[in-house]
Amino acid sequence: DFQLTQSPSSLSASVGDRVTITCRAGQTITHYLNWYQQKPGKAPKLLIHGASNLENGVPSRFSGSGSGTEFTLTISSLQPEDFATYFCQQSYSTPGITFGQGTRLEI
Amino acid sequence: QLQLQESGPGLVRPSETLSLTCTVSGVSISSINYYWAWIRQPPGKGLEWIGSVYNSGSTYYNPSLKSRLTISLGTSEDQFSLKLKLVTAADTAVYFCARIMVGHTEYLDTWGRGTLVAVSS
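Below: a short report on this structure. (Residues numbered from 1 in each chain as written. Chains lettered and ligands numbered in written order. Predicted model: local features only at pLDDT ≥ 70, side-chain atom pairs only at ≥ 80, totals over all residues. Heavy atoms only, no water.)

## Comments concerning the sheet that holds strand E7 (residues 62–67) of chain A
Residues and elements named next belong to chain A. With respect to topology, four strands assemble into an open sheet ordered E1-E3-E8-E7, the strand pairing being antiparallel. What marks the edges here is a single partner per strand, and that holds for strand E1 (4–7) and E7. When strand polarity is set aside, the average angle formed by the axes of neighbouring strands in this sheet is 20°. Across six bridges, the pairing between E7 and strand E8 (residues 70–75) is antiparallel. If you follow Gly66 over to E8, its bridge partner there is Phe71. (Pairing = 2+ DSSP bridges. Helix = DSSP H or I, 4+ residues; strand = E, 2+ residues; numbered from the N terminus. Axes fitted to C-alpha atoms, helices over the stretch in contact; angles between N-to-C directions.)

## Structural notes on the interface of chain B and chain A
Each partner contributes to the interface: chain B provides 20 residues, whereas chain A provides 21 residues. Contact between chain B and chain A buries roughly 1,700 Å² in total, counting both sides, with carbon and sulfur atoms accounting for 68%. On inspection of chain B and its partner chain A, the count reaches zero salt bridges. Linking chain B with chain A are four residue pairs in polar contact (both at pLDDT 80 or more). Among the elements of the structure, strand E4 (34–41), strand E5 (48–54), strand E9 (93–102) and strand E10 (106–111) of chain B are those that each provide at least two residues to the side of chain B that touches chain A. Per-element accounting of the side of chain B that touches chain A gives the leading share, five residues, to E10 of chain B. Looking at the side of chain B that touches chain A residue by residue, the classes come out as ten nonpolar, six polar and four charged. (Contact = heavy atoms within 4.5 Å. Buried area = accessible area lost by both parts, 1.4 Å probe. Salt bridge = Lys/Arg side-chain N within 4 Å of Asp/Glu carboxyl O. Polar contact = N/O pair within 3.5 Å; in protein donor to acceptor, adjacent residues only side chain to side chain. Nonpolar A, V, L, I, M, F, W, Y, C, P; charged D, E, K, R; others polar.)

The following block contains the structure:
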């Protein structure tokens, strides 16, 4: 089962805070885990692929880690533009894929 | 520059067929390095993968939608399409098309802006 569970579902934080979001898989997905940021009315934007690889153009305050079944997305120092919803997504079963339910990051 | 653009009716009646097209510019959908995918997002909810198509025309569907779904490459080389039959209100969502980059790992690196499709009489 490639179900993904994110925690927390929502999170309140302040500018400058360090924030961590967790994504757990129902079975091992090795390093096939990606992270996206979505702002209201917009398409998701790729942040991290392969668990820890920063997409070109994404600020270095974003980082990803983990393998197997547990993964984390960390934002080292929140900026105003980072308040958004974050989704994890597994590609172990590509071309079939699944998403986590999302984490809403609020001020 | 790669761009994807969804197009199709914004309103579909219950029990009818939802049809959308994704037009790709900036890269050939015949490339072996990519899959092409449809994803949807009901209002205020999360993302759901609908299905994917490869340059060979091979398709892969979400099991929960498979019986109602057809994804295909377009008649022109820069399009792929989605048809979902027998729609209900539960199919109301923003529909996105996206590219899946295939390599060491796979990820959705480019998305269309999305198009809202409402199912209502």
